[in-house]
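# Coordinate inspection notes
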Amino acid sequence: MKKWKLVFLCAAVLTAAAGCGKNSDTTTGTTAVVTEAGTEKVTTENSESGNEAGTEEKTEPKTEKTTVMQVEVVSEGMVPVTPDQLKDGTYEITVKSSSSMFSIESCTLTVQEGKMTAKMTMGGTGYLYIFPGTGEEAEGKTEAEYIPFVEEGGKHTFTFPVTALNQAVPCAAFSKKKESWYDRELCFEATALPMEAYKELPYKTVEDLSLKDGTYTVEVTLSGGSGRASVESPAELKIEQGVATAKIIWSSSKYDFCMINGEKYEPVSAEGENSAFLIPVAGFDYPLPIQADTTAMSEAHLIDYTLQFDSNSIK
């Protein structure tokens, strides 16, 4: 009897050792998910040996909803622009998306008879439908009420109804791979519109304010970018022959040029000083678009901003 007990004990030890050996076959993989805030590490564990039945075990992977940072699409100082303010026509505009996964390469705005539509060319082909609302609302609609993609030159395009520019609007997108709706926010921006698109200028001019030639100061607000940059305020403002020019001094020395309406402006500051530029001021009390190239990162980046000059602060 003692002999059989010893045999059973040895068998139990060998079985336990074999079970421990299974753990050495388990591998852990780390997936790097790039977000707009940087790189976030998402760890998933996959058991290659499986359980006793031979099935594969893995943890549930994180979905797009939890790994992609959502960003604000409307910047401070943005003024909504409605179709009644614009002339009929077709204009190239920019669109900001709350998710980097919903990438828009280009957008064409069509204004016709008091209505606006935006044709968005996507950076990928991963979405089959979009819907002007939330994913929950889309699930309660029929397929006929969705906006399907149109393939043009290998790209997916969607034509979306727009009630106002410079305003956040909900947009649900249906993923082809996940077969699920994802909530987005979009902002169709007016900053790229030419002034000729407006029925009336949206800002006050030097003539409107009856400003005489001379040197003044004016409060200026910078919006856009990451929100970390700033400019000195008040800024120096000069009026010569009815044309306004402002000296803009940035909070960094890393800006090497600015772009306004396709024109390039070089810095007027000395080396080592914060970047300063003399730029034209088309108008006041309205966010005017400006692009500034920064060399602060590993590669130079041309970043979109707006500058708003407050006419009530002119001294």
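Residues numbered from 1 in each chain as written. Predicted model: local features only at pLDDT ≥ 70, side-chain atom pairs only at ≥ 80, totals over all residues. Heavy atoms only, no water.

### Examining the overall build of the protein
Regarding its fold elements, the protein presents four helices and 21 strands. A total of 315 residues make up the protein; the buried ones form 34% of that total. Surface accessibility of the protein: about 18800 Å² in total, with carbon and sulfur atoms responsible for 50%. (Helix = DSSP H or I, 4+ residues; strand = E, 2+ residues; numbered from the N terminus. Buried < 20%, exposed > 50% of the residue type's maximum accessible area, 1.4 Å probe, protein only. Areas by Shrake-Rupley, 256 points an atom, 1.4 Å probe, with all protein chains shown as cover.)

### Brief notes about the sheet that holds strand β13 (residues 214-218)
Two pairing modes exist for strands in a sheet, parallel and antiparallel, and in both the strands are linked by backbone hydrogen bonds. A sheet is described by the order of its strands in space; here four strands give the open sequence β13-β15-β16-β19, paired in antiparallel fashion. Lying at the two open borders of the sheet, with one neighbouring strand each, are β13 and β19 (276-280). Neighbouring strand axes in the sheet, compared pairwise and without regard to direction, differ in orientation by 25 degrees on average. Bridge count for strand β16 (residues 243-249) against β19 is five bridges, and the pairing is antiparallel. The residue bridging Thr245 from the neighbouring strand is Pro280, located in β19. (Pairing = 2+ DSSP bridges. Axes fitted to C-alpha atoms, helices over the stretch in contact; angles between N-to-C directions.)

### Focus on a negative patch on the surface
A contiguous patch of negative charge on the surface is contributed by Glu136, Glu137, Glu139 and Asp183. No other element matches the three residues that helix α3 (residues 135-139) contributes to the negative patch. Considering the arrangement of structural elements, one finds Asp183 in strand β12 (residues 180-189). (Patch = residues over 30% accessible without salt bridge, like charges linked within 9 Å, V, L, I, M, F, W, Y side chains within 5 Å. Salt bridge = Lys/Arg side-chain N within 4 Å of Asp/Glu carboxyl O. Lys, Arg positive; Asp, Glu negative; His and termini not counted. Charge placed at Lys NZ, Arg CZ, Asp CG, Glu CD.)

### Re the packing of aromatic side chains
Under the counting rule described, the total for this entry stands at 12 aromatic pairs. Between Phe174 and Trp181, the ring centres sit 5.2 Å apart and the planes meet at 65 degrees, which makes this aromatic pair edge-to-face. Judged by its relative accessible area of 18%, Phe174 is buried. We classify Trp181 as buried; its relative accessible area is 8%. Linked through ring pairs, Tyr129, Phe131, Tyr146, Phe174 and Trp181 together constitute an aromatic cluster. (Phe/Tyr/Trp six-rings, centres within 6.5 Å; stacked < 30°, edge-to-face > 60°.)

### So, the environment of Gln241
Residue position: Gln241 is located in the loop between β15 (235-240) and β16. Counting along the chain gives 27 residues from Gln241 to Gly214, while the straight-line C-alpha distance between them is 9.4 Å.

### Examining the sheet that holds strand β14 (residues 220-224)
Within the open sheet, the five strands sit side by side as β14-β21-β20-β17-β18. Their pairing is antiparallel. In the strand order of this sheet, the two ends are held by β14 and β18 (263-265), each with one partner. Recorded for the sheet is a direction-independent mean angle of 30 degrees between the axes of neighbouring strands. Examined bridge by bridge, strand β17 (residues 255-260) and β18 share three bridges and lie antiparallel to one another. Residue pairing for β18: Cys258 is matched across the bridge by Tyr265.

### Focus on the pairing of strand β7 (residues 127-131)
Counted residue by residue, β7 has four buried out of five residues, so it is predominantly covered. Bridge count between β7 and strand β11 (residues 168-175): four bridges; the pairing is antiparallel. Bridge pairing links Tyr127 to Ser175 in β11. Bridging between β7 and strand β8 (residues 147-148) involves two bridges; their strand directions are antiparallel. Across the sheet, Ile130 pairs through a bridge with Ile147, a residue of β8.

### Structural notes on the pairing of strand β6 (residues 115-122)
Pairing between strand β5 (residues 104-112) and β6: eight bridges, direction antiparallel. Its bridge partner lying in β6, Ile104 is registered against Met122. Two strands pair when backbone bridges link them, and β6 and strand β10 (residues 155-162) are joined in this way by six bridges, in the antiparallel orientation. The residue bridging Ala118 from the neighbouring strand is Phe160, located in β10.

### Side note on the pattern of salt bridges
Tallied over the full model, the rule gives four salt bridges. The salt bridge partner of Glu152 is Lys119, with a shortest N-O separation of 3.0 Å. Remark: Lys119 occurs in strand β6 and Glu152 occurs in strand β9 (residues 150-152); sequence separation between them is 33 residues. With relative accessibility at 37%, the residue Glu152 sits in the partly exposed group. With its nearest N and O atoms 3.9 Å apart, the salt bridge here joins Glu266 to Lys264. Take Lys264: its relative accessible area is 48%, and that puts it in the partly exposed class.

### What about the nonpolar core?
Among the nonpolar cores identified, the biggest contains 61 residues, and Leu165 and Phe188 are the most heavily contacted of them. Ignoring anything within four residues of it in the chain, the contact list for Phe188 reads Ile93, Thr94, Val95, Cys107, Ala118, Met120, Phe160, Val162, Leu165, Asn166, Gln167 and Val169. Tyr129, Ala138, Tyr146 and Ala172 belong to the second largest nonpolar core, which has seven residues in total. (Core = buried A, V, L, I, M, F, W, Y, C linked by side-chain atoms within 4.5 Å. Contact = heavy atoms within 4.5 Å.)

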